[in-house]
Amino acid sequence: MARVLSLDSEEHRRAQELLPWFLNETLDADEAAGVAAHLEQCLRCQADAAAQAALRAIPVDDGHAASLDHDWAALRARLDTQREQTRRSLATRPWWRPGLQLAVGIQAAVILALAVVLVGVSLPGSDPYRALGANASGADANVLIVFRADASEKDMREALRGAGARVVGGPTASDAYLLHLSDPRPQALASLRAHPAVARAESLQGGPSR
Amino acid sequence: MLRSFPIRTHEVLARKRSSDASDVALVERVAVGDVRAFEALYRSYYLRLMRFLGLMTSRRTIVEEALNDAMLVVWKRSHTYNRQSKVSTWIFAIAYRTALKALRAQDEPVDPPADEPSSEDAGPEQQLSASQTRSELLRGLDGLSPEQRCALVFAYFHDLPYGEIADIMNCPVDTVKTRVFHGRRRLRALLGDGAREAER
């Protein structure tokens, strides 16, 4: 028979706390059994459960389905705008910038080559001089990367610099690039993957894939 | 009386697991820029997000904007989804943070929707229509803190377990229980006698 229990009892307090989840049926079996047993004998909790059940029954959806196509079209337009901006930023880069980057790259390579020659001369027994065209194993691609379609060139540069990576090949037919990651540890790859501009980054040396 | 609260069936749980698996597959396709997968995900979550955001803020224009803002974050951050939570938890966590930003930006007091009469228009002897009841509910929810409001909306109108609500709101489970407990007491006080009648 139902009776009014002390409102201060631990059992009552716990039942009160769990009532919303008893009603939405997401409690585990032990919790649900405890609340059900308490409800059997607590008039206050029975009334509270009935009031909460009525509150849950209030129709809260307000013809939202009618706006779905309209709202999707609005979001799709925002996506298209972002992609267009990215495309334009790549297309309107100053003509001299790629050339300048190439010149700086060649200059850096020459300096590096001179440094290698000097070190090779000064350290007897060290690795022999290797020409620029030679396949230096340290410069091999060790990561395959796909940038997000809406990533800007600035984002890409930031991602590469942040991870200490440089492009050594690509784009491939699937718009992937080959990178050399100077730090081959998993943390460096994870940092590259975490960048918002990166859609996918995979190690070419085996190990766990994304 | 207790038999009026049915036990969750295995079929419902099995359906939910199946939905989780297809959601994960969609998010993985979104992560490589698949717009069609994104549209499928958008359509799948649209009504649930509308319901959540519509109860977090009663301004329709803000709701629509917040929904698309949240889904744009889903598009941009899909590569960060790590399967440690359900896709729905991850998406609702994004929507929750977006809703908080929208509420903070919402300086002016919230008016009742124009097409929904306020409680003063209905005499105590009149039975509240569904739209009036919803309007009263929104008015009551407006009186809660955003955190209380969110926890209560997820528990009552999305049937989420307290653990999942805690994951979405990034807080301890006990905090969720406390927010819902105090939120519903305050909601009852704010709804007043007319709405309490509607509850019965």
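About the thresholds
- Residues numbered from 1 in each chain as written.
- Chains lettered and ligands numbered in written order.
- Predicted model: local features only at pLDDT ≥ 70, side-chain atom pairs only at ≥ 80, totals over all residues.
- Helix = DSSP H or I, 4+ residues; strand = E, 2+ residues; numbered from the N terminus.
- Buried ≥ 20, exposed ≤ 12 C-beta atoms within 10 Å, placed from the backbone.
- Contact = placed C-beta atoms within 7 Å.
- Axes fitted to C-alpha atoms, helices over the stretch in contact; angles between N-to-C directions.
- Parallel < 35°, antiparallel > 145°, perpendicular 65-115°, else oblique.
- Left-handed = near helix turned anticlockwise from the far one by under 90°.
- Nonpolar A, V, L, I, M, F, W, Y, C, P; charged D, E, K, R; others polar.
- Pairing = 2+ DSSP bridges.

### Concerning the overall build of chain B
- Helices and strands together make up the secondary structure of chain B, namely eight helices and zero strands.
- Helices and strands appear in chain B in the N-to-C order α-α-α-α-α-α-α-α.
- For chain B, the proportion of its 200 residues judged to be buried stands at 38%.
- In chain B, 64% of the contacts between residues at least 6 apart in sequence involve partners at least 24 apart.

### Overview of the packing of helix α3 (residues 60-77) of chain B against helix α4 (residues 87-105) of chain B
All names here are of chain B.
- In the contact formed by α3 and α4, the axes pass within 9 Å of each other and the chain directions differ by 135°. As the angle between them shows, α3 and α4 are arranged oblique. Of the two elements, α3 crosses α4, and the hand of that crossing is right-handed. Between α3 and α4, the contacting residues are Ile62, Ala66, Asp69, Ala70, Val73 and Val74 on the first element and Ile91, Ile94, Ala95, Thr98, Ala99 and Ala102 on the second.
- For the contact of α3 with α4, the residue count by class is ten nonpolar, one polar and one charged.

### Here's the deal with the sheet that holds strand β2 (residues 165-169) of chain A
Residue and element names in this part refer to chain A.
- On the basis of which strands lie adjacent, the open sheet formed by four strands has the order β2-β3-β1-β4 and antiparallel pairing. The open sheet terminates on both sides in strands that have one partner only, identified here as β2 and β4 (198-203). The sheet shows a mean angle of 35° between the axes of neighbouring strands, direction not considered.
- Of the strands in this sheet, β1 (143-147), β2, β3 (176-181) and β4 are in contact with helix α6 (residues 153-163), which crosses β2 at around 110°.
- Helix α7 (residues 186-194) rests against β1, β2, β3 and β4 of the sheet, and its axis sits at about 160° to β4.

### Regarding the interface of chain A and chain B
- The partner chain B presents 43 residues to the 41 residues of chain A that form the contact.
- Those elements that provide at least two residues to the side of chain A that touches chain B are α1 (10-23), α2 (29-41), α3 (43-56), α4 (68-91), α7 and β4 of chain A.
- Looking at the side of chain A that touches chain B, its residues break down into 24 nonpolar, six polar and eleven charged.

### Comments concerning the packing of helix α2 (residues 35-56) of chain B against α4(B)
Residues and elements named next belong to chain B.
- Direction vectors running N to C along α2 and α4 enclose 35°, while the axes themselves pass 10 Å from each other. α4 is crossed by α2, and the crossing has right-handed handedness. Facing α2, whose interface residues are Tyr45, Leu49, Phe52, Leu53 and Met56, α4 presents Ile91, Phe92, Ala95, Ala99 and Leu103.
- Within the contact of α2 with α4, the residues separate by chemical class into ten nonpolar, no polar and no charged.

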